Amino acid sequence: MTPDRSHLDWLESEAVFILREVAGECARPVLLFSGGKDSLVLLRLAEKAFRPGRVPFPLLHIDTGHNFPEVLECRDRRAAELGVRLLVRSVEGSMRRGSVRLREGESRNAAQSVTLLEAIEELQLDAAIGGARRDEEKARAKERVFSFRDTFGQWDPRNQRPELWDLYNPRVGAGEHVRVFPISNWTELDVWQYIAREKLELPSIYYAHRRAVVRRNGLLAPVTGLTPPRAGEAVEELWVRFRTVGDVSCTCPVASRAATPEEVIAETAAARVTERGATRMDDRTSEASMERRKREGYF
Amino acid sequence: MSTDDAGVLAFKNGLRFFGREIHPAKKAEIMERPAEAAPDLARPPHEGGNSTVLRFITCGSVDDGKSTLIGRLLHDTRQILEDQFAALAQASRRRGFAAADLSLVTDGLEAEREQGITIDVAYRYFATPRRKFIIADTPGHEQYTRNMVTGASTAGAAVLLADASKGLLAQGRRHLYLAHLLGIREIVVAVNKMDLVDHDERVFDAVRASFAAFAAPLRIPSLRFVPVCALAGEMVVARGARMPWYRGPTLLEILEGIEPERAARARPFRFSVQLVQRASGARRYLGRIAAGAVRKGDEVLVLPASRRTRVAAIHTLEGERAVARAGDSVALALADELDVSRGDSIAHAAQPPRATRELDATLVWLAEQPLAPRARYLLKHTTRTVGARVAGVAHVVDIHALEPRAGRSSLAMNDIARVALELAQPVFADTYAEERATGAFILIDAASGHTAAAGMIR
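Remember, predicted model here, so these are calculated numbers, not experimental data.

Cut-offs used in this document
- Residues numbered from 1 in each chain as written.
- Chains lettered and ligands numbered in written order.
- Predicted model: local features only at pLDDT ≥ 70, side-chain atom pairs only at ≥ 80, totals over all residues.
- Helix = DSSP H or I, 4+ residues; strand = E, 2+ residues; numbered from the N terminus.
- Buried ≥ 20, exposed ≤ 12 C-beta atoms within 10 Å, placed from the backbone.
- Contact = placed C-beta atoms within 7 Å.
- Pairing = 2+ DSSP bridges.
- Domains from an automatic or database assignment.
- Nonpolar A, V, L, I, M, F, W, Y, C, P; charged D, E, K, R; others polar.
- Axes fitted to C-alpha atoms, helices over the stretch in contact; angles between N-to-C directions.

What follows is about the overall build of chain A. A tally of regular secondary structure across chain A gives ten helices and ten strands. Expressed as a percentage of the 299 residues in chain A, the buried residues total 55%. In chain A, once contacts between residues fewer than 6 apart in sequence are set aside, the share between residues at least 24 apart is 75%.

In structure tokens, the structure reads:
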């Protein structure tokens, strides 16, 4: 008897099946791609799903304009290596159009929903593939793999389509779309194990580096041009790495000396705090903040 | 969330802990220990890449401890991290408990808390050094048929909760029936709340006997029983000290030992084309092997073309291989140039699926919109979508009596019926009992695009 496939093989095969279903059933899909680790995993899966052919859908980055340069560099390099078209739509564009108005100091993270919905409308997309995982947050635990959004881009947790076997239903009417989450069943640990197995190159900030931070509300907030220290805060330079990478103004690193995927896996396996709990200021605002944002069209 | 929480408090205390209120002191006592011990324990090492995946469903009614059992599984396998645990402890204190109530791990969405209901199937994850687990956690009350059918459709095993102090109830019979209907071959009955019956072996034996008697005519391939106390963590992950008379495996040991994929590999080869790729001259057919195995050089039958050919190459995600098996996503190249498109079938030449435009099926109605007799639906079977209509309803199963009742022509949400379907194009099918992947289908409402029903071919 040959040995069973590993859990990574199982997850990979499932994700590839989902990506091929999108290509087979959807007319105008995009793959949401930021250069962050989950989207790099997603792109690798797409690469393997269609090899030796090209990834049959463009990439779309919803850009807050507050980026880590290492991540943008990785985004552009991977898109160029695979010869896939990269579309960028920016929150700043939405601000210029007046569809996004932020209060002084408000994070642009939630505003990405508006820009994404505008891009979906502009590009007439019927599917947007994303790297969200059900283990991230409890509002995601009930998310479908193919998640239906109405003409306002809203997620209605009460009116989700039942999803049975691997018979996904991506059927949409005019102006509606589906969000597709091929790595729904992956955990943070699975993602890191896959990165190690595939020898995926990540932006360097996912590994330990020295960075100026301040301690704020139990988190380590990075000190950048956009996020200067507040009055009375002491700037420290610490060894840190990012577990998630989003908008600069609301993503925090964790203290770490892990310099390789294997060392990150060891840390993740022993982690005491969830990925979002350790790193995202906006998710802490309210227990239900992710759920609210999702209902409004967030990733 | 303080105002929301007050409502939940009333709801949860009223429902989830109904029937347990006679033991408040006992509850506080047994919950203290794990709550304090938790943050000091590290998660077990995970053998990267060497474990397989088991998907299972948990079924139970509101007050038989399902949430506590799931919380216990996650907690004792060290999946609950500090921030989650802190949130849990905080919520528990607000709800009047001294220690963290593990059942709150499965607490749902704000939208649900507002209404005091559980809407939907939730998926939860944990891993041991041996394997990764995906739990489909289905609510036990509202719309339980729809939710349980959804969760069970992808499950390789079912854990049915029974309350030791109540034995086999009507709900337990329904769960067993539905798990069996959805083709789950591995069913584990966790006889919970053994603390309420003084951990008495005779009570466990009596519950087991009643389940076994009810299940006998269903001929479930594997039906196992384990006595547990989820609240105190006995026989879930750890054995505990109060049931020395039980010498069988713990619930986790049972789940670690189940091998649902083995059976799928022994069956004849089934493959449905997802996409056709024209790369470097030769055509490749992309898809995931639904059943059996395929070797380079195997003779296969292509449907609907009804042509025989040989497998010229198998490209897996890791490169070309001589063999691939059920569950593998591959690209196949065939020896002959044939007209093959998405939704076509490539199968074992000597034991092919049945090409048919008429189906005898068990249908579970999922949509709020009832079945419109003679209306046109879309039927998605494997990667193939065809027009369909329900030509007749033979009977509807009375879910309470678990008996067929004739005389209905429409179906409402949660109805289970035996129907005849007519299809605009053939599908290439096996019976659901033979092969889930090629025996299952969904009906899609052609007008709204919503999923209307789940079907199993007889």
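Residues and elements named next belong to chain A. As summarised here, the arrangement of the four strands in space is S8-S7-S9-S10, forming an open sheet in which the pairing is antiparallel. On the outer flanks of this sheet lie strand S8 (219-222) and strand S10 (254-255), each paired with one strand and no other. The pairing of strand S7 (residues 209-216) with strand S9 (residues 236-241) spans five bridges and is antiparallel. Along S9, the bridge assignment pairs Arg-211 with Leu-238.

A few words on the domain arrangement of chain B. All names here are of chain B. In terms of domains, chain B is made up of domain 1 (3-261), domain 2 (264-348) and domain 3 (354-457). When each unit is reduced to the centre of its C-alpha atoms, the spacing between domain 2 and domain 3 is 28 Å. Listed as interface residues are 13 residues of domain 2 and, on the opposing side, ten residues of domain 3. Mapped by element, the contributors of at least two residues to the side of domain 2 that touches domain 3 are strand S7 (270-272) and strand S9 (282-291). The dominant element in the side of domain 2 that touches domain 3, judged by the number of residues it contributes, is S9, at three residues. The residue makeup of the side of domain 2 that touches domain 3, split by class, is five nonpolar, five polar and three charged.

Moving on: helix H6 (residues 144-153) of chain B. Taken across its ten residues, H6(B) has ten buried, putting it largely inside the fold. Within the sequence span of H6(B), burial applies to Tyr144(B), Thr145(B), Arg146(B), Asn147(B), Met148(B), Val149(B), Thr150(B), Gly151(B), Ala152(B) and Ser153(B).

Okay, the environment of Arg384(B) next. All names here are of chain B. Among the structural elements, Arg-384 can be located in strand S19 (residues 384-398). For the pair Arg-384 and Val-427, spaced 43 residues apart in sequence, the C-alpha to C-alpha distance is 7.4 Å. Apart from the residues lying within four places of it in its own chain, the contact partners of Arg-384 are Ser-272, Gly-343 and Val-427.

So, about the sheet that holds strand S5 (residues 186-192) of chain B. What the six strands build is an open sheet, ordered S2-S3-S1-S4-S5-S6 (chain B); its pairing is mixed. Each edge of the open sheet carries a strand with a single partner, namely strand S2 (122-127) and strand S6 (222-227) of chain B. On average, each strand axis in the sheet is tilted by 25° relative to the strand beside it, whichever way the strands run. Where helix H1 (residues 7-25) of chain A meets the sheet, its contacts fall on strand S1 (52-59) and strand S3 (131-137) of chain B, and the angle it forms with S1(B) comes to roughly 75°. Packed onto the sheet, helix H8 (residues 201-215) of chain B meets strand S4 (157-163), S5 and S6 of chain B and runs at close to 160° relative to S6(B).

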